[in-house]
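Observations on the model geometry
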Amino acid sequence: MQKMFKFAVTVGRSENVALEKLAQTWAVKFGVKYVERGSRGSLGFLLDQERVEALLVATNKGPQVYTASGTFFFHPSMAVLRVQRLKKHESDHFSAALALKPGMRVLDCTMGLASDAVVASFITGRTGTVCAVEASPLLHFVVSEGLQNYQAEDVDLNNAMRRIETVYAEADEYLYTLPADSFDVVYFDPMFRIPINASSNMEPLRPISCEKPLTEATVKAALRVAPCVVVKERGQKLLEALGCTEILGGRYSRVKYGIRRR
C-alpha cells in the first residue's frame, strides 16, 4: 500500500451549522479528527497546529483540500475544452490512442482530476462503461463528489461526468479482483511520476498523491482484464520499458501514448 498521510477535517470561513455537521460526518467517514474553525486563524495556521499534511475543508462550493502548496477543488478543467473540440470533430490524441467508440468499456487506473475519464465517458456514451480508479483517499473523495455534483453549462459534459463510476483502490491490487476480459481497454497516466513545471495547479495535490511507479507487472495484470493497455508518459524509453510496441502522440507534444496488446 502507498504511504499514508495525516489529514484532518474542518470548515471554510463562511461556516454554518450545516457545513459543520457535514464536515463532522466526513471526519467520521475517514476516521480522522474534526477541527473546529471558529476564529482560530488561517488554514495554514491549522495545518501547522494540527501537524497534518492536509485539511479536507467543507465549503459552500463543495469539498476542498488544503496543503502547504495551496488549495485544490474539483473542476472539469481541460475536459471542457476537449469535449467542445470533439463535438467539432477535431482530433484528440487520448481518444485516438484508446480507439474510443460508443459502447466501449474503459478502465482508467489513474483517475487523478478525471479529465481523461470524462472524455472517455463522453465518447463511449450511455451504452458504454467508464470506471476510474484512484489510490489517494482525498483525491478520490473530492473528484468523485465533483463528478456527481458539478454543474457545467454543457449538458453533455454533465451527463458524461455523472456516468463515471469511481473506485478508491490501488490499481495493481484492484486489477486482480476483476474478471478476465471485463474491459475493452485499460489506461494508465502516472501523472505524478515526472512533474511538468508548467502544471503549478497540480502542486497542492502532491502531498496527497500516490507516487507509486507503474511497473510491467501491473501492465501484464491489466492485459488479463483487457486486450489493450494504453500508457501516457513523458518519455518514450519509459513506455518501451513497459512493453509498449506502439507509440502515438503529436509531433511537438511532450507526452506520448504507448500501446501494448496481447
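Residues numbered from 1 in each chain as written. Predicted model: local features only at pLDDT ≥ 70, side-chain atom pairs only at ≥ 80, totals over all residues. Heavy atoms only, no water.

Thoughts on the packing of helix H3 (residues 78-87) against helix H5 (residues 115-124)
H5 packs onto H3 with a crossing angle of 30 degrees between their chain directions and a minimal axis gap of 9 Å. Comparing their axes, H5 and H3 come out roughly parallel. Crossing handedness for the pair H3 and H5: right-handed. Residues Met 78, Ala 79, Arg 82, Val 83, Leu 86 and Lys 87 of H3 pack against Ser 115, Asp 116, Val 118, Val 119, Phe 122 and Ile 123 of H5. Considering only residue class, the contact of H3 with H5 consists of eight nonpolar, one polar and three charged. (Axes fitted to C-alpha atoms, helices over the stretch in contact; angles between N-to-C directions. Helix = DSSP H or I, 4+ residues; strand = E, 2+ residues; numbered from the N terminus. Parallel < 35°, antiparallel > 145°, perpendicular 65-115°, else oblique. Left-handed = near helix turned anticlockwise from the far one by under 90°. Contact = heavy atoms within 4.5 Å. Nonpolar A, V, L, I, M, F, W, Y, C, P; charged D, E, K, R; others polar.)

Focus: the pattern of salt bridges
This model, assessed by the stated rule, comprises ten salt bridges. Notably, a salt bridge pairs Glu 50 with Lys 33, separated by 2.9 Å at the nearest N-O pair. You can see Glu 50 sitting in helix H2 (residues 43-50) and its partner Lys 33 sitting in the loop between helix H1 (17-30) and H2, a full 17 residues away along the chain. Residue Glu 50 is classed as buried on the basis of its relative accessible area, which comes to 15%. Judged by its relative accessible area of 48%, Lys 33 is partly exposed. Salt bridges linked by common partners bring Arg 82, Asp 92 and Asp 116 together as one network. (Salt bridge = Lys/Arg side-chain N within 4 Å of Asp/Glu carboxyl O. Buried < 20%, exposed > 50% of the residue type's maximum accessible area, 1.4 Å probe, protein only.)

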